[in-house]
Amino acid sequence: MSATPGNGISSREDLLQMERSLDCVHCGLCLPSCPTYELFGRESAGPRGRVYLMRGLAEGSIAPEADVVRDLDQCLVCRACEPVCPSGVEYGAMMEFTRSNVLEPARKKTLKQRVKRWFLRSVLPHPAKLRRVADLLGMYHGSGLRGLLRRYGVVRFMSEELDLRDQLLPPLPPQRERKPLPRSTPAKGARRGRVAFLEGCVMPILLGSINRATVRVLSNQGFDVDVIEPRGCCGALQAHFGQIDLARSGALKLVRACADLGDVDAIVVNSAGCGAAMKEYGRLLDDQSGLSAMDKAAAHAFASKVKDVTEFLAEQGLRGTPRPIQAKATYADACHLAHAQRVTEPPRALLRAIPGLTLVPLARPDRCCGAAGLYNALHPKESLALLSERMNDVEHCGASILVSANPGCLLQWRAGVRMRRLDVDVVHPLELIDRAWGEP
Ligand code: SF4
Ligand code: SF4
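Nothing here was measured: the structure is a model prediction, and the numbers come from that model.

A. Here's a closer look at the overall build of the protein. Each helix and strand in the protein was counted, giving 24 helices and nine strands. For the protein, the spread of C-alpha atoms along the principal axes amounts to about 65 × 60 × 40 Å. A fraction of 78% describes how many contacts in the protein between residues 6 or more apart in sequence connect residues 24 or more apart.

What follows is the structure, encoded as structure tokens:
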């Protein structure tokens, strides 16, 4: 690169990160894959335009003015533009780098930004605090206050954005479903191996039954399951929203904790977003200055063992005879499983192996549902526009079960089903596998 670094990118070394953008040959093949390009119809709201903006920011030829920041913020980081790019542009890594190094320092300290930072820094990495916030959410739902505010239009009166956010808020499951997983669960029957399992941050609070189904399946299939301690966040959301320092400290904590567990056959994860981040820990920690070579090597070793649970089970093969599930189901790819991890066939193969379950195709199954980490909270209007389009596809396919493998997507799809009042069950693949292969 011939330009000098600009816009807060202080070192030449950092600027070299942007060399990734030089691979872009401006062919435009990525444009049809981009949900926001389709939604907004602007070049700068698509991957090719954003690559141009990111490079300009890094070189200092473009300033982080409001419209530039808006176009970059509106990216879902769904990474649908990566697999279709003939030049292999590492779009996701560039966006994380730009958000962290250019956009975050340049942001105005609005209330929305302060809340976002507070949540990413002071709540998400701390399971106890996250539980307290969830309890407040539960009180808001359970006390009838929410119904009252909605009935009299108070939320809408306060702001349209707040009203949209409120519509997307997930209900909190009962306390008994929010219990943490046991530290260790032994294999049942003939033992096949031992895995480490990431409990996650949002999963045990909002979708604890999926974690329990996952551990049951692994144990029934002959694997000892050890939950990685200390429990908590993998750093995926922080990286996604420009807090790379936090993402690195979360990653390092997890890498060291896993080393303490000793040898395992795999590090299994049932959240696509977490799995995608964990598979990239090698790169993430390689870029951290001052980290020992030993920690960097451990991060690479860790990343090489990470498997999405569907990927792991499809590789290992499911033993036993499944019980039938008589239903029509459709599978919606989670972006970070399909585009970031390139795992599309294993979950489908596992579902096809369930007798009685008819898998019907969803139009554009790998199109983002609009959840995208905290995107639905930060950009509720755009998120709902994307969801609405996808709900038309769900209604059209006629399935009574919608399957997806990421917590954010599951909550988003459930919000879509609630809003449309559809009789559709939204489940994780492991819930169906548990029903089919689990104990009667
Ligand atoms: S497909 Fe790749 S090379 Fe082509 S415009 Fe998009 S990012 Fe650039
Ligand atoms: S990550 Fe997704 S939203 Fe962002 S430019 Fe790529 S395809 Fe579009």
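B. Focus on the site of ligand 2. Of all residues adjacent to ligand 2, which total 15 residues, the nearest are Cys-34, Pro-47, Cys-75, Cys-78 and Cys-81. Secondary-structure elements contributing two or more residues to the shell around ligand 2 are α2 (35-40) and α3 (47-59). Grouping the amino acids of the shell around ligand 2 by side-chain chemistry returns 10 nonpolar, three polar and two charged.

C. Looking closely at helix α18 (residues 309-316). All buried positions along α18 are accounted for by Val-309, Thr-310, Glu-311, Phe-312 and Leu-313. Turning to α18, the residues buried within the fold contact α12 (208-220), β4 (266-269), β5 (306-308), α20 (345-352) and α24 (429-437). Two residues or fewer after α18 comes Gly-317, characterised by a positive phi angle close to 85 degrees.

D. Looking closely at the site of ligand 1. The full set close to ligand 1 counts 13 residues, and Cys-24, Cys-27, Cys-30, Arg-48 and Cys-85 are the nearest of them. Among the residues forming the shell around ligand 1, the class breakdown is nine nonpolar, three polar and one charged.

E. Just the sheet that holds strand β2 (residues 193-197), in detail. One open sheet holds the five strands; their spatial order is β1-β3-β2-β4-β5, and the pairing between them is mixed. For this open sheet the edge positions go to β1 (184-185) and β5, each flanked by a neighbour on one side alone. Sheet contacts for α12: β1, β2, β3 (223-227) and β4; angle to β3, the most-contacted strand, approximately 145 degrees.

Rules and cut-offs
Residues numbered from 1 in each chain as written. Chains lettered and ligands numbered in written order. Predicted model: local features only at pLDDT ≥ 70, side-chain atom pairs only at ≥ 80, totals over all residues. Helix = DSSP H or I, 4+ residues; strand = E, 2+ residues; numbered from the N terminus. Contact = placed C-beta atoms within 7 Å. Near = placed C-beta within 6 Å. Nonpolar A, V, L, I, M, F, W, Y, C, P; charged D, E, K, R; others polar. Buried ≥ 20, exposed ≤ 12 C-beta atoms within 10 Å, placed from the backbone. Pairing = 2+ DSSP bridges. Axes fitted to C-alpha atoms, helices over the stretch in contact; angles between N-to-C directions.

The values are spatial; any link to function lies outside them.
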